Amino acid sequence: MDVVLEIADTFVGDYLYASVLPAQSAAAFDFPDATNSTAEALSSWRFKTVNPYFHFEPSKYAYMSAWNRDNVLRQFLSLFLITWIFGYILYFVFATLSYVFVFDKKTMEHPKYLKNQIWLEIKQATKSMPIMSALTTPFWLLDVRGYTRLYDSPAEGPGTWYEILQYPLFIIFTDALIYLIHRGLHHPLVYKHLHKPHHKWIMPTPYASHAFHPVDGWAQSVPYHIYPLLFPLNKFASVGLFIFVNFWTIMIHDGEYVANSPVINGAACHTMHHLYFNYNYGQYTTFWDRLGKSYRQPDDSLFHKEKKMSDEQWKKQVNEMEKLVKEVEGEDDRTYDANAVKKNN
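Residues numbered from 1 in each chain as written. Predicted model: local features only at pLDDT ≥ 70, side-chain atom pairs only at ≥ 80, totals over all residues. Heavy atoms only, no water.

**With respect to the pattern of salt bridges**
Note the threshold: By salt bridge we mean one thing: a side-chain nitrogen of Lys or Arg within 4 Å of a carboxyl oxygen of Asp or Glu. Each helix is a run of H or I in the DSSP string that is no shorter than four residues. Each strand is a run of E no shorter than two, and both are numbered from the N terminus. Relative accessible area decides the class of each residue, using a 1.4 Å probe on protein chains only: under 20% of the type maximum gives buried, over 50% gives exposed, and in between gives partly exposed.
Applying the stated criterion across every chain, the model contains twelve salt bridges. Across the pair Asp14 and Arg74 runs a salt bridge, and its minimum N-O distance is 2.8 Å. Residue Asp14 is found in helix H1 (residues 2–20), and its partner Arg74 is found in helix H3 (residues 72–101); the two are separated by 60 residues along the sequence. Lys235 is the salt-bridge partner of Asp152, the closest N and O atoms lying 2.7 Å from each other. Pair noted here: Asp152 is in the loop between strand S1 (150–151) and helix H5 (160–185) and Lys235 is in helix H9 (residues 235–251), with a separation of 83 residues, a long-range link. Look at Asp152 and you get partly exposed, because its relative accessible area is 24%. Through salt bridges with shared partners, a single ionic network connects Asp9, Asp14, Arg69 and Arg74.

Okay, structure coming up:
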């Protein structure tokens, strides 16, 4: 994250902080003709890039703020804004692409599709993202200030072999912890307070991917940040994995059941989880669900478009889902789309 922060500072942060919090001895607007060297002489901060491959030389404004780039408060605020803004961008871009090109719109005719569901999903996600970002920022701050085992280049890592192995190791480790956290969120003492908002979506769309209670969404992201505290991880790989994680989260909510695999916990497996609550807690694989006896194999009919959207299949889903809602939640307080219900009665 330090590379992302350095780029953000170069193009936005330096100008912003120099304007809002100018150094007394080098206020940006008091020295409009100052050069980089003049401004640098008035500051105790010195630029040292964190990017071993390329960097952008900072402008004079990098030296003109009371909060220089190493200031912990500035770093916290900047990392929070980066996480929040780029979280929104990733969410809306990938979710919208998935909705337009992948999501089967016939899903909206399902009797358990909610009234104004997409708007409700987006509303929940946008409300939660600032809080999730604030809760996540301390982990990014540990990265930037050197308290993790992130490394700059393959030469600083365990070896060339690890540059490939780190990806499956990251997936295996985080999949195990997310399984435990996710299953814990279904405990009766926790579920109604934290995890129920995400289970509001019985037939989710891609926009449900980030529609969590903020503490729920943050809790399930914690394993991604624990990994580099314990194990080496290339910092460029960590940024790539952060994007992949968000992309995967959208994919398993898109309703396109491609992975009919006994190993991959794809959209079909996750649909089973939204429909039937107490199954398929894993994020990437079915291994931990099989070990914990919570795996439910998706119906074969889900992988045939004409069958998965049939009235027969939907009635079967609704009958079982309604029984499980009573067990898990008691009264079902969702408001379903009357048009969808009418079409299927």
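**Concerning a nonpolar patch on the surface**
Defined as follows: Each patch is assembled from residues with relative accessible area greater than 30% and no salt bridge, linking like charges that lie within 9 Å and nonpolar side chains (Val, Leu, Ile, Met, Phe, Trp, Tyr) that lie within 5 Å. Only the protein chains shown count as cover for residues, with accessible areas throughout obtained via the Shrake-Rupley method and a probe of 1.4 Å.
On the surface, Leu77, Leu81, Ile85, Phe86, Ile89, Val93, Leu97, Val100, Phe101 and Val102 cluster together into a nonpolar patch covering about 870 Å² of accessible area. Inspection of the secondary structure assignment puts Phe86 in helix H3.

**Topic: the packing of H3 against helix H4 (residues 117–144)**
Put simply, the test is: Angles run from 0 to 180 degrees between N-to-C directions of axes, and those axes are lines fitted to C-alpha atoms, restricted for helices to the stretch in contact. Put simply, angles under 35 degrees are roughly parallel, angles over 145 are roughly antiparallel, angles from 65 to 115 are roughly perpendicular, and the rest are oblique. Crossing handedness is defined as follows: a turn of the near helix away from the far one that is anticlockwise and smaller than a right angle gives a left-handed crossing, while the clockwise case is right-handed. Amino acid classes used here: Ala, Val, Leu, Ile, Met, Phe, Trp, Tyr, Cys and Pro are nonpolar; Asp, Glu, Lys and Arg are charged; the rest, including Gly, are polar.
Running from N to C, H3 and H4 point in directions that differ by 140°, and their axes come no closer than 8 Å. For the element pair H3 / H4, the angle class is oblique. Helix-helix and strand crossings are classified by hand; for H3 and H4 the assignment is right-handed. Of the residues assigned to the contact of H3 with H4, the class counts are 19 nonpolar, six polar and one charged.

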